[in-house]
Amino acid sequence: MQTKNIMIVGVGGQGTLLTSRILGGIALLAGHDVKVSEVHGMAQRGGSVVTYVRYGFSVAEPLVEEGHADILIAFERLEAMRYVHFLKKDGILVLNDQRIDPVTVITGAEDYPEDIMEKLTARRKVISCDAKSAALSLGNARVFNCVIIGLVAKTLEFTKDEWLNVIEKTVPPKMIDINKEAFLLGYSG
């Protein structure tokens, strides 16, 4: 199997690290060599967080080079714009269609670009949803990342039951049921 390269980008507190553990966990369960790397920016203050998940027969290093990501998972529109250049030409962008204003926008130093979705969809294959609203329909906005994982799961080779198994092993016990529901919401959407 050729190495699969996945990047997860978002802001601090959105669950990028948990998402990378679930993705790495399912690849490990399937017997792949897996490398996961986390790059924290100002995560505690809502800054960018990037994680990389690479799996295949033999993976030498955890980082994904520009232009080599098979899948870019973006938990926010502006983060998608910042990192879309990491996608392969035929790569897939899985996007939580949400806007989170960075400090520079909040303070008025910069404007939030209004045409992000148009730019992204003009250049790439984009699968998007309002995962936060979907998670809120379940009663907990924090499980939106499992809604996104459900969308991603449809593009990868693992079965629905394998995903549910890894989610059960990865999330805290009291959060298992709602995370599984969130995954199924994304998977069926």
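Residues numbered from 1 in each chain as written. Predicted model: local features only at pLDDT ≥ 70, side-chain atom pairs only at ≥ 80, totals over all residues. Heavy atoms only, no water.

Undergrad: Is there a simple way to explain the overall build of the chain in this structure?
TA: On a plain count of helices and strands, the chain comes out with eight helices and six strands. Secondary structure elements of the chain, listed N to C terminal, follow the sequence β-α-β-β-β-α-β-α-α-β-α-α-α-α. The C-alpha atoms of the chain give 16 Å as radius of gyration, which agrees with the globular expectation for 189 residues (16 Å, within 12%). Taken over the C-alpha atoms alone, the chain extends approximately 50 × 40 × 30 Å along its principal axes. Buried positions account for 49% of the 189 residues belonging to the chain. Counting only contacts in the chain whose residues sit at least 6 apart along the sequence, the fraction spanning at least 24 positions is 63%. Carbon and sulfur atoms form 51% of the exposed surface of the chain, whose accessible area is close to 9,200 Å². Across the chain, the mean location of the 21 positive side-chain charges is 2 Å away from that of the 23 negative side-chain charges. (Helix = DSSP H or I, 4+ residues; strand = E, 2+ residues; numbered from the N terminus. Rg over C-alpha atoms; globule rule 2.2 N^0.38 Å. Buried < 20%, exposed > 50% of the residue type's maximum accessible area, 1.4 Å probe, protein only. Contact = heavy atoms within 4.5 Å. Areas by Shrake-Rupley, 256 points an atom, 1.4 Å probe, with all protein chains shown as cover. Lys, Arg positive; Asp, Glu negative; His and termini not counted. Charge placed at Lys NZ, Arg CZ, Asp CG, Glu CD.)

Undergrad: I'm lost on the nonpolar core in this one. Help?
TA: One recurring pattern in soluble globular proteins is that nonpolar side chains are buried together. Counting 38 residues, the largest nonpolar core has Ile22, Leu23, Ile73, Ile148, Leu156 and Trp163 as the members making the most contacts within it. With sequence-adjacent residues up to four places away left out, Leu23 is seen in contact with Ile6, Ile8, Val53, Ile73, Val152, Leu156 and Trp163. (Core = buried A, V, L, I, M, F, W, Y, C linked by side-chain atoms within 4.5 Å.)

Undergrad: What exactly am I supposed to notice about the pairing of strand β5 (residues 87-96) here?
TA: Remark: a regular strand shows side chains that alternate across the two faces of the sheet. Most of β5 is tucked away: seven of the ten residues are buried. With five bridges connecting them, strand β4 (residues 69-74) and β5 associate as parallel partners. Counterpart to Ile73 in the pairing with β5 is Val94. Tracing the backbone out of β4, into helix α2 (residues 77-83) and back to the parallel element β5 gives a crossover that is right-handed. Where β5 meets strand β6 (residues 125-129), five bridges bridge the pair, whose relative direction is parallel. By the bridge assignment for β6, Leu93 is matched with Val126. (Pairing = 2+ DSSP bridges. Right-handed = clockwise from strand over helix to strand, strands pointing away.)

Undergrad: Can you walk me through the pattern of salt bridges in this structure?
TA: Pairs can form between side chains of opposite charge once their charged atoms are near each other. Taken as a whole and judged by the stated rule, the model has seven salt bridges. When the shortest N-O distance is used, the salt bridge between Glu114 and Arg99 registers 3.2 Å. Taken together, the residues Glu114 in the loop between α3 (103-106) and α4 (116-123) and Arg99 in the loop between β5 and α3 connect sequence positions 15 residues apart. A residue is classified by how much of its surface remains accessible, and Glu114, at 64% relative accessible area, is exposed. For the salt bridge of Lys119 with Asp115, the shortest nitrogen-to-oxygen distance reads 3.7 Å. (Salt bridge = Lys/Arg side-chain N within 4 Å of Asp/Glu carboxyl O.)

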